[in-house]
Amino acid sequence: MRSYDRPVMSEAIGTADGLTIPTRFNSALMANVQSTYADGTAAGPASWTTYQTFDNYRADYGADTTTVKPDSLTSLKDGAPVTLTFRFWTGDTVTYHLTRSGNTVTGTAS
C-alpha cells in the first residue's frame, strides 16, 4: 500500500534568474501549475491561459525543491502579487504567492 501526505512549500527569496522553493513533496507528484494575478488574469509567459507549462517550473523530488524558471519570473508585472496553485496527482493543492520587485522575487506559502 502506498500513502501520501499533503505537500508543503516554504518561503523563498530569489531573483528573476530563478526562485528555488523548498518543497516537502511527501511522495506526491506534481500534476500542473496555475498562475494568476489578483484579478484572475493569467500571470506568466503563457498569457492566454492560467495554466503554465513545465518549461517554466521544475519539481526536483530528490532535492525537495520546486524551481520557478527565469522566463516565468521575468514575464511577471513588477510589484503585482501572483498566486501560484500547484496541483498534485494525489488531489492536493498548494497555494503559493510570488511578488517580483525589480530583480528580487519573494515567495510565501498560504
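Above this text is the structure in question.
Residues numbered from 1 in each chain as written. Predicted model: local features only at pLDDT ≥ 70, side-chain atom pairs only at ≥ 80, totals over all residues. Heavy atoms only, no water.

1. What about the overall build of the protein?
Each helix and strand in the protein was counted, giving 1 helix and 10 strands. Taken from N to C terminus, the helices and strands of the protein fall in the order β-β-β-β-β-β-β-α-β-β-β. In terms of overall dimensions, the protein is globule-like: its C-alpha atoms have a radius of gyration of 13 Å, near the 13 Å expected for 110 residues. Considered along the principal axes of its C-alpha atoms, the protein spans approximately 45 × 25 × 25 Å. (Helix = DSSP H or I, 4+ residues; strand = E, 2+ residues; numbered from the N terminus. Rg over C-alpha atoms; globule rule 2.2 N^0.38 Å.)

2. Brief notes about the sheet that holds strand S1 (residues 8-9)
Read across the open sheet, the 4 strands follow the order S1-S3-S7-S6; overall the sheet is antiparallel. Sheet topology places S1 and strand S6 (57-60) at the edges, where each strand pairs with a single neighbour. In this sheet, strand S7 (residues 65-68) lies alongside strand S3 (residues 19-24) in antiparallel orientation, the contact comprising 4 bridges. Counted as the bridge partner of leucine 19 is valine 68 from S7. (Pairing = 2+ DSSP bridges.)

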